[in-house]
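One letter stands for each residue in the lines below.
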Amino acid sequence: MYGLVNRALQEFICTHHGEASWAAIRITAGVELEFFVRMESYPDDITYRLVGAACESLCIEPATLLRNFGRHWVLFTGQEGYGSLLDGAGSSLQEILTNLDDLHVRVGLMYPALKPPSFSCSDVREDGLTLHYFSERPGLAPMVMGLIEGLGERFGKTVTIRHSCDRNAGADHDSFDIRIA
Ligand code: HEM
């Protein structure tokens, strides 16, 4: 994944657990790079190893860490100059969730080697919708739940999420029933 993601992970760990924790996690993960270049694409394995080492070292379940990281990602991208992309993708939570593929198409103009996930929505209502998530990468559904919560915070909404189809349980993709209040 692009260095932007690894940098966000680094910032997330450093903010909540300190720089020394990050340095230890990097060593446990066997990652020699001291920093990541935002626009350089790195093997996904590096990100997965960092997440695995962080969970081990901080005694956090992967699903919890990924969910919190997903919430952080919305803040991070907003602060790193991508806030206008988020703003342009929709003026309500329903709208932005419907436009996630378009958002990543725009991101892909800056990051040409992007391998984005894909999303679609069904049962869109005033008080919620079902979000379908497709990715070639395994295990990131909890991050999507955090992303939805982060977007909810951005719009001042409370979201309740049910992971209604789970790829880990044999479904062909993940889906989330989202209630918005
Ligand atoms: C302006 C804001 C955003 C930017 C700049 C951005 C950028 C990126 C980048 C660079 C990656 C790594 C993919 C790669 O390197 O091949 C990524 C992955 C991802 N993005 Fe976004 N993104 C944004 C917003 C969102 C939002 C709002 C969601 C909400 C669901 C989202 C969902 C994901 C997920 C789940 C992945 C993990 C990769 C996968 O599932 O295969 N992104 N994004």
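What counts, and at which threshold
Residues numbered from 1 in each chain as written. Predicted model: local features only at pLDDT ≥ 70, side-chain atom pairs only at ≥ 80, totals over all residues. Heavy atoms only, no water. Donors = N, O, S within 2.8 Å, 3.2 Å for Na, K, Ca; no water. Helix = DSSP H or I, 4+ residues; strand = E, 2+ residues; numbered from the N terminus. Near = heavy atom within 4 Å. Polar contact = N/O pair within 3.5 Å; in protein donor to acceptor, adjacent residues only side chain to side chain. Nonpolar A, V, L, I, M, F, W, Y, C, P; charged D, E, K, R; others polar. Domains from an automatic or database assignment. Contact = heavy atoms within 4.5 Å. Buried area = accessible area lost by both parts, 1.4 Å probe. Salt bridge = Lys/Arg side-chain N within 4 Å of Asp/Glu carboxyl O.

**Thoughts on the coordination of the iron atom of the ligand**
Just one protein atom coordinates the iron atom of the ligand, and that atom is His104 (NE2), at 2.1 Å. Of note, His104 is situated in helix 6 (residues 100–110).

**Quick word on the site of the ligand**
In the vicinity of the ligand, 23 residues are found, and the nearest of them are Tyr2, His104, Tyr133, Ser135 and Arg137. At 2.6 Å from an oxygen atom of the ligand is found a side-chain nitrogen or oxygen belonging to Ser135. Of all the secondary-structure elements, those providing two or more residues to the shell around the ligand are helix 4 (62–88), helix 6 and helix 7 (141–154). The greatest single-element share of the shell around the ligand, amounting to five residues, is contributed by helix 4. Partitioning the shell around the ligand into residue classes produces 18 nonpolar, three polar and two charged.

**A few points about the domain arrangement of the chain**
When the domains of the chain are assigned, the result is domain 1 (3–60) and domain 2 (92–180). Centre-to-centre, using C-alpha coordinates, domain 1 lies 24 Å away from domain 2. Tallying the contact residues gives five residues for domain 1 and five residues for domain 2. Between domain 1 and domain 2 the total buried area reaches about 510 Å² when both faces are included, carbon and sulfur atoms providing 53% of it. Three residues, Met39, Asp44 and Tyr48, lead the burial of domain 1 against domain 2; their summed loss comes to 74% of the area buried on that side. Here domain 1 is connected to domain 2 by one salt bridge. As a salt-bridge pair, Asp44 and Arg137 come within 2.7 Å of each other at their nearest N and O atoms. Connecting domain 1 to domain 2 are two residue pairs in polar contact (both at pLDDT 80 or more).

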